[in-house]
Amino acid sequence: MAEERVWDPLRRKEVALTPEERVRQWFIAVLRDELGVPPCEMMSEATLSYGGKAWRADIVVYRRNMTPAMVVECKRPDVELTREVLEQALRYNLVLDVNWIVITNGRKTLVFARNLSDFTRRDRLPVYGEICR
């Protein structure tokens, strides 16, 4: 049986439709359709390098000047959103220096905004204008 595939509009290619990829594609649609993020200002599977290690951020949202503004870490629906998942996104932030961090498993989404030197939890997703501040 052939593996199920889906078109990733950000990578502009078909990719395997894994449970995590399903969540990533759903959240790309949320960013685009509900929060008003232009697709040209998002990147999926963004490669990052820090301390000699290569990482891949699930989704990075950029400001109009192409500086990173938000990082999104996607997990399969059966993965709980633990402190370790948040710490993974915070490691990406060592490279990206964003103002927003989102972690989601498709069932639950947690949003964190930079507040001076740390991040605080927010009760809603920001629209694109807020992301870009």
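An account of the accompanying structure is given in this report. Every chain begins its residue count from 1, and numbering advances along the sequence as written. Residue-level local features of this predicted model are given only where pLDDT is at least 70; pairs of side-chain atoms are given and counted only at 80 or more, and the full residue set underlies all totals for whole chains, interfaces and linings. No hydrogens and no water enter the side-chain calculation; it runs on all heavy atoms of the structure.

**Re the sheet that holds strand β7 (residues 109-115)**
- The strand order β3-β4-β5-β6-β7-β8 describes an open sheet built from 6 strands, whose pairing is mixed. This sheet does not close on itself; its edge strands, each paired only once, are β3 (42-50) and β8 (118-122). Strand-to-strand twist across the sheet, computed as the mean angle between neighbouring axes with direction ignored, equals 35°.
- Strand pairing is defined by DSSP finding a minimum of two bridges between the two strands. Working definition: helices are DSSP H or I runs of at least four residues, strands are E runs of at least two. Numbering for both runs from the N terminus. Here 5 bridges tie β7 to β8, and the two strands are oriented antiparallel to one another. Directly across from phenylalanine 112, in β8, lies its bridge partner arginine 121.
- The criterion used for residue contact is that any of the two residues' heavy atoms lie within 4.5 Å. With axes taken as lines fitted to C-alpha atoms, and helix axes fitted only over the stretch in contact, angles between N-to-C directions fall between 0 and 180 degrees. Running over the sheet, helix α1 (residues 19-34) touches β3, β4 (53-62), β5 (68-74), β6 (100-104) and β7 and is turned about 30° from β4.
- Seen against the sheet, helix α2 (residues 83-96) touches β3, β4, β5, β6, β7 and β8 and runs at an angle of roughly 150° to β5.

**Examining the environment of leucine 116**
- Along the chain, leucine 116 falls in the loop between β7 and β8.
- Look at leucine 116 and you get exposed, because its relative accessible area is 77%. Type-normalised accessible area, obtained with a 1.4 Å probe on protein chains alone, sets the label of each residue: buried when under 20%, exposed when over 50%, and partly exposed for intermediate values.

**As for unusual backbone geometry**
- Of note, the phi angle at methionine 66 is positive, near 70°, even though the residue is not glycine.
- Position of methionine 66 among the secondary structure elements: in the loop between β4 and β5.
- Taking the relative accessible area as the measure of exposure, methionine 66 reaches 45% and is therefore partly exposed.
- Here the phi dihedral of leucine 116 falls at roughly 60°; this positive angle occurs in a residue that is not glycine.

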